Amino acid sequence: MRLHEYEAKLRLAEFGIPVPEGRIAAQVESAVQAATDLTGPVMVKAQVMSRDRSAQRGIRRAETPGAVRFHARELFEHPIDGVKASRVLVERVVDIQRGLYIAITHDRSARKPVLIVMDEDGFNQTDDEEATVLREHIAPLIGLRSYQITTIASQLNLPREYWPQFNRLALNLYRCFETSDASLIELHPLGVTHDAAMVVVHAHMVIDDNALFRQPKLAALRATAYRSESERIAFEAGLTYIKLEGQIGCITNGAGLAMTIIDLIHGFGDNHIGPANFLDVSGGARFDKWMAAFYAIHADPNVRCALVNVFGGMTPCDDVAEALVLAHEQAILPHTVIVRLKGNRAEQGLALLRSARLPGVVLADSLTGAVQLAVHAAKGNEA
Amino acid sequence: MTILLNDETRVIVQGMTGQRGVDHTQRMLDYGTQIVGGITPGKGGEWVNGVPVFDTVATAVSMTGANTSVIFVPPGNAADAIYEAIDAGIVLIVCISDGLPIFDMMRVYDYVRASSSRLIGPNCPGILVPGVANVGIMPTSSALPGRTGVVSKGGALTYEVIHTLSQAQIGQSTCVGIGGDPIRGTSYVDILELFENDPNTDSVVLVGEIGGHAEIEAAQFIRAHMTKPVAAFVAGRYAPEGHRMGHAGAIIIDGEGTAQQKIDALHAAGVRVATNPDQLPYLLR
């Protein structure tokens, strides 16, 4: 789960990491008031998730409260990557003499967190080879140690008077990373100011979705981060959903099988027909999760037919069949639904579907057969 | 018997009294698996499915001689369950639970590496020796005893592959789900090595997917050390590009395998790679 910039900065500040003085504003006039309170030139920054925010002029510098009014109005009105900002962050301008890129993330092949540091100048070079990227892997049972930070500071040629605050900052950053169950914290840049202070100019933070159950404060921020109704329904039910561009709503158990079905649809389809989504209903899902899956597919206007392929291990297939029957009663199924059930309680599920005789529900016997039927149906249901 | 499980395997179920634990313990018992106990703190002394429940793994080990554990606890308790099994001297730990925070798994990985226990998973369907024993949640009805080993990151995709092989009368020696999480206790390479040295296995099916380097490492191992034929399927050729985590992700993930890179690496190692799991039986012939 990605946090907005202001959410990330609030979190960093809780861990003693210096961020610019700022206010969050949901209306133009409160942005103006914030700038008046802060005095002097400010940055006005649209709080949207787009990675293209600065190229799309989502970050403005304003010298006066009047200029803040102009920029805030524009930021609230003009969408960035299709999303309008519902909030802007108004921050005191930080003049920096040097910028550092600092990140902590998980290195999955090393199976450890890693601290990554480089000079902003190096970062902006187009040829990655020339940038000197400093890395320190962190033993998860021990945590980041001061000597590792000293190693980086000296390789960076950071003047020694900065070492104590750099050390404090890096230790606090790791504490924030670990305590927040983050999978990424990025300071981009960490600015070194003319009066020898270090301050986070921009921050980016991603929380491990698997850990949200023990991060209630962070999980509560999630409501601001959905891209579509389907995504909201899926997330609230604990399903993994990724919107794709095609017409076949895919409902299956397990990420590997979900990906295989997407591959096979591309193999049997043509340029016009493709999967509408990736949806993994795994982990021994019961009835309510299958209902949520049908609702998520229903909320996608592109879907022309659904493909339900479940090979139950922990998942009882008769729950899928029961959910199908109720989804039919609630009129949320597309015209055609191709269903294949195998494994745990598949016979019971199939018997239920045979006796229910739901119109538009077609039973398939093999994975390949189910995919071919779905592709055929998506072509036939073309509007 | 074949790899990982043998006649000496005595299994305890951590989280046996939850609904999943109850259901799957019964299924494992029905398949002939030697389940000697279950663990649920606070329920020691009860019996479930005719199996005694203990409060701690250590008690169960001393009372029953258990050497293998299968874990069904909620994700927030899974790391604890694994540490407890390691500390009680369990040799083989199979963690079915999914949704473990990655930080928990990094710590678990370091701890299990420093011990003499082997961890399979987490987020895996377990180990199935067709006709003999089932430690986990794999559906047994489509499995067929035979001489082909199966190793996979998937759950349901693994079952599809087993089903396809059995339909073509290709039986399985052992099926191992190593789990779909980014950090797992046992890798493809570990299992391939066991299959290579297993007198009951003649050929191997490897089921992979995008993400990580594990299939590339498997390809390198196959090229250098495997004499038995290997067929593979890799899911995710058309997967939407991963949600790359900012620039740090790009730095770390650089060179991390797409499905095509993995397929190429496996091809180069002499592995026959299917584009549809249906083709696997033909590639083994």
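I keep staring at the sheet that holds strand β2 (residues 42-46) of chain A and nothing clicks. Help me out?
Sheet strands pair via backbone hydrogen bonds, and the direction of the pair is either parallel or antiparallel. Residue and element names in this part refer to chain A. Spatial strand order, β1-β4-β2-β3: four strands in an open sheet with antiparallel pairing. Only two strands of the sheet have a single neighbouring strand rather than two, namely β1 (22-25) and β3 (59-62). Pairwise comparison of adjacent strand axes, ignoring direction, gives a mean angle of 20° for this sheet. Where β2 and strand β4 (residues 88-92) come together, five bridges link them in antiparallel fashion. Across the sheet, Ala46 pairs through a bridge with Val88, a residue of β4. On top of the sheet, helix α2 (residues 28-38) reaches β1, β2 and β4; it is set at about 10° to β4, its chief contact. Helix α3 (residues 65-77) rests against β1, β2, β3 and β4 of the sheet, and its axis sits at about 165° to β3.

When you look at helix α12 (residues 346-356) of chain A in this model, what are you seeing that I'm missing?
In an α-helix there are 3.6 residues to a turn, and that puts residues three or four apart on one side. Residues and elements named next belong to chain A. Buried residues of α12: Ala346, Gly349, Leu350 and Leu353, and no others. The buried side chains of α12 occupy one side of the element, clustering within an arc of 95° when seen end-on. Counted as exposed and oriented over 90 degrees from the buried face of α12: Glu347 and Ser355. The inward-facing, buried residues of α12 contact α11 (317-329), β15 (336-343) and β16 (361-363). Following α12 by one or two positions, Arg357 has its phi on the positive side, about 45°.

Explain the interface of chain B and chain A here, please?
It is common to give the size of an interface as the accessible area that goes away when the parts come together. Residue-level contacts link 52 residues of chain B with 59 residues of chain A. Both faces combined, the contact of chain B with chain A buries some 4,700 Å², and carbon together with sulfur accounts for 63% of it. Applying the counting rule to chain B against chain A returns three salt bridges. Close ionic contact of Glu160 of chain B with Arg340 of chain A constitutes a salt bridge, the shortest N to O distance being 2.5 Å. Put simply, chain B and chain A have 13 residue pairs in polar contact (both at pLDDT 80 or more) between them. Looking at the side of chain B that touches chain A, the elements with two or more residues in it are α1 (19-30), α4 (102-113), α5 (156-167), β13 (230-235) and α8 (246-253) of chain B. It is α4 of chain B that contributes the most residues to the side of chain B that touches chain A, eight residues altogether. Taken together, the residues of the side of chain B that touches chain A sort by class into 28 nonpolar, 12 polar and 12 charged.

For this particular structure, what's the right way to read the packing of aromatic side chains?
Each aromatic ring pair is described using two quantities: the centre-to-centre distance and the angle formed by the ring planes. Counted according to the given criterion, the structure contains five aromatic pairs over all chains. Site record: aromatic cluster; members linked through ring pairs are Tyr174 and Phe177 of chain A together with Phe103 of chain B.

Mind showing me how you'd approach the pairing of strand β5 (residues 68-71) of chain B here?
Each regular strand shows side chains that alternate between the opposite faces of the sheet. Residue and element names in this part refer to chain B. Alternating positions in β5 separate into two faces, Thr68 and Val70 on one and Ser69 and Ile71 on the other, with burial throughout. Inspection of the sheet shows strand β1 (residues 11-14) paired to β5 by four bridges, in the parallel sense. Note on β5: the bridge partner recorded for Val11 is Thr68. When β5 meets strand β6 (residues 92-95), the two strands line up parallel, connected through four bridges. In the strand pairing of β6, Ser69 is matched with Ile93. Of the crossover connections in this fold, the one passing from β5 over helix α3 (residues 75-87) to the parallel β6 is right-handed.

Please clarify how a nonpolar patch on the surface should be interpreted in this entry.
Nonpolar side chains collect at one region of the surface, where Leu141 and Ile142 of chain A together with Tyr111 of chain B lie side by side and expose about 290 Å² of accessible area between them. Mapped onto the fold, Leu141 of chain A is located in the loop between β7 (134-137) and α5 (146-155). According to the relative accessible area criterion, Leu141 of chain A is partly exposed, its value standing at 46%.

Whenever I open this one, the pattern of salt bridges confuses me. Can you help?
Side chains that differ in sign of charge can pair as their charged atoms come close. According to the stated counting rule, one finds 26 salt bridges over all chains in the structure shown. As a salt-bridge pair, Asp181 of chain A and Arg214 of chain A come within 2.7 Å of each other at their nearest N and O atoms. Taken as a pair, Asp181 of chain A in the loop between α6 (163-179) and β8 (182-193) and Arg214 of chain A in the loop between β10 (203-207) and α7 (216-219) lie far apart in primary sequence, 33 residues in all. The exposure class assigned to Asp181 of chain A is buried, which follows from its relative accessible area of 5%. The class for Arg214 of chain A is partly exposed, based on a relative accessible area of 31%. The shortest N-O distance in the salt bridge between Arg107 of chain B and Asp104 of chain B comes to 3.8 Å. Of the two residues, Arg107 of chain B and Asp104 of chain B both sit in helix α4, three residues apart, roughly one turn of that helix. On the basis of relative accessibility, which here comes to 7%, the residue Asp104 of chain B falls in the buried class. Taken together, the salt bridges that share partners define one network made up of Glu5, Lys9, Lys45, Arg53 and Glu91 of chain A.

Reading the values: the criteria
Residues numbered from 1 in each chain as written. Chains lettered and ligands numbered in written order. Predicted model: local features only at pLDDT ≥ 70, side-chain atom pairs only at ≥ 80, totals over all residues. Heavy atoms only, no water. Pairing = 2+ DSSP bridges. Helix = DSSP H or I, 4+ residues; strand = E, 2+ residues; numbered from the N terminus. Axes fitted to C-alpha atoms, helices over the stretch in contact; angles between N-to-C directions. Contact = heavy atoms within 4.5 Å. Buried < 20%, exposed > 50% of the residue type's maximum accessible area, 1.4 Å probe, protein only. Arc of directions from axis to C-beta. Buried area = accessible area lost by both parts, 1.4 Å probe. Salt bridge = Lys/Arg side-chain N within 4 Å of Asp/Glu carboxyl O. Polar contact = N/O pair within 3.5 Å; in protein donor to acceptor, adjacent residues only side chain to side chain. Nonpolar A, V, L, I, M, F, W, Y, C, P; charged D, E, K, R; others polar. Phe/Tyr/Trp six-rings, centres within 6.5 Å; stacked < 30°, edge-to-face > 60°. Right-handed = clockwise from strand over helix to strand, strands pointing away. Patch = residues over 30% accessible without salt bridge, like charges linked within 9 Å, V, L, I, M, F, W, Y side chains within 5 Å. Areas by Shrake-Rupley, 256 points an atom, 1.4 Å probe, with all protein chains shown as cover.

Keep in mind these values describe shape, not function.
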